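Secondary and tertiary structure notes
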Amino acid sequence: MIAIYPGSFDPITLGHLDIIQRGSRLFDLVIVAVLRNPSKVPLFSVQERLEQIRRTTKHLPNVEADGFDGLTVNYAQQRQAQVLLRGLRAISDFEVELQMAHTNKTLSTQIETVFLATSNEYSFLSSSVVKEIARFGGSVDHLVPPHIALDIYKCYNHNYPTANPTTMEITPPHQNMATVAPQEILQEQET
Ligand SMILES: Nc1ncnc2c1ncn2[C@@H]1O[C@H](COP(=O)(O)OP(=O)(O)OP(=O)(O)O)[C@@H](O)[C@H]1O
Ligand SMILES: CC(C)(COP(=O)(O)O)[C@@H](O)C(=O)NCCC(=O)NCCS
Ligand SMILES: [Mg+2]
């Protein structure tokens, strides 16, 4: 059975990876599908997000990443998928997700939405939270895979890695954030 895991993934987090890994044990193939959404201004382009997802899931042979336009159910039909995989973190997710699942059911009765409950340790985690922390100079090392953290630090101009000129020791980014003034980051984002 083929499952589509649709979303924005801007960027992929450890919460997403947890759903993907658990989904990959339930389905023959999990397609992580990034919506090309012209109405959102993302931090990473669709191409960058697809590369991030591919690097993050390269240990999972039955997982692939792809971009799509238009209705998710149409994309699912095109990929011969029977399931839309989604994660549930909180009641707030439930309301939106139930509406989405019902809407999709009216568009295609053949496609079922399957929800996986978040793992406890990721119940607070979202791409937005990750971006907000990084934007104000905080560490996201515990929230995303290491290569994604580096991509994010680059976007927000965190000085990473830096060597102490005397000892030549590398300072991890979260110990070095005082060098990044939040106001500078915001100004750069606005330009
Ligand atoms: N920590 C998590 N645990 C379980 N499911 C999650 C988690 N984070 C996201 N998901 C699920 O992944 C899917 C794709 O979500 P999405 O790309 O919107 O990520 P997000 O973290 O919610 O980002 P954003 O903050 O931009 O909304 C949704 O079904 C969402 O519920
Ligand atoms: C992409 C997504 C799954 C939502 O992703 P998100 O959780 O990252 O916001 C949803 O917006 C979607 O399916 N968009 C494509 C248009 C569509 O099919 N709409 C009908 C279902 S609401
Ligand atoms: Mg979301």
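The notes below deal with the structure included here.

Rules used throughout
Residues numbered from 1 in each chain as written. Chains lettered and ligands numbered in written order. Predicted model: local features only at pLDDT ≥ 70, side-chain atom pairs only at ≥ 80, totals over all residues. Heavy atoms only, no water. Near = heavy atom within 4 Å. Polar contact = N/O pair within 3.5 Å; in protein donor to acceptor, adjacent residues only side chain to side chain. Areas by Shrake-Rupley, 256 points an atom, 1.4 Å probe, with all protein chains shown as cover. Helix = DSSP H or I, 4+ residues; strand = E, 2+ residues; numbered from the N terminus. Nonpolar A, V, L, I, M, F, W, Y, C, P; charged D, E, K, R; others polar. Expected span 1.5 Å × (residues − 1). Buried < 20%, exposed > 50% of the residue type's maximum accessible area, 1.4 Å probe, protein only. Contact = heavy atoms within 4.5 Å. Core = buried A, V, L, I, M, F, W, Y, C linked by side-chain atoms within 4.5 Å.

Describing the site of ligand 1
Contacts to ligand 1 come from 19 residues, most closely from Tyr5, His16, Gly87, Ser127 and Ser128. Between Tyr5 and ligand 1, the recorded distance is 2.6 Å, taken from a side-chain N or O atom to an oxygen atom. A distance of 2.6 Å separates an oxygen atom of ligand 1 from a polar backbone atom of Gly87. In the complex, 89% of the free accessible area of ligand 1, which totals 590 Å², lies under the protein chains. Mapped onto the shell around ligand 1, the elements with two or more residues apiece are strand 1 (2-7), helix 1 (14-26), strand 4 (83-88), helix 4 (91-107) and helix 5 (127-135). Partitioned by chemical class, the residues of the shell around ligand 1 number 6 nonpolar, 9 polar and 4 charged.

Digging into the site of ligand 2
Around ligand 2, a shell composed of Pro6, Gly7, Ser8, Leu35, Gly70, Leu71, Thr72, Arg86, Met100 and Asn104 is seen. Thr72 has a polar side-chain atom sitting 2.5 Å from an oxygen atom of ligand 2. One of the side-chain nitrogen or oxygen atoms of Arg86 is found 2.7 Å away from an oxygen atom of ligand 2. When isolated, ligand 2 has an accessible area of 530 Å², and the protein chains bury 69% of it. Split by residue class, the shell around ligand 2 holds 4 nonpolar, 5 polar and 1 charged.

So, helix 1
Under the 1.5 Å per step criterion, the end-to-end length of helix 1 is 19 Å for 13 residues, consistent within 8% with the ideal 18 Å. All of the buried residues in helix 1 are Leu14, Gly15, His16, Leu17, Asp18, Ile19, Ile20, Gly23 and Ser24. Its side-chain oxygen placed 3.1 Å from the backbone nitrogen of Gly15, Thr13 serves as the N-cap of helix 1.

Some points on the side chain of Glu97
Its place among the elements puts Glu97 in helix 4. Glu97 gets classed as buried once you look at its relative accessible area, which sits at 7%. In this structure, Glu97 is in contact with Arg86, Gly87, Leu88 and Phe115, ignoring residues within four places of it in sequence.

Description of the nonpolar core
Formed by 34 residues in total, the largest nonpolar core has its most connected members in Tyr5, Leu85, Val140, Val144 and Ile152. Counting residues per element, the ones that place at least two in this core are strand 1, helix 1, strand 2 (29-35), helix 2 (46-56), strand 3 (63-68), strand 4, helix 5 and helix 6 (146-155). Aside from chain neighbours lying at most four places away, what touches Val144 is Ile12, Thr13, Leu14, Val130, Ala149 and Ile152. Core analysis: the second largest hydrophobic core is formed by 11 residues, Ile31, Val73, Tyr75 and Ala81 among them.

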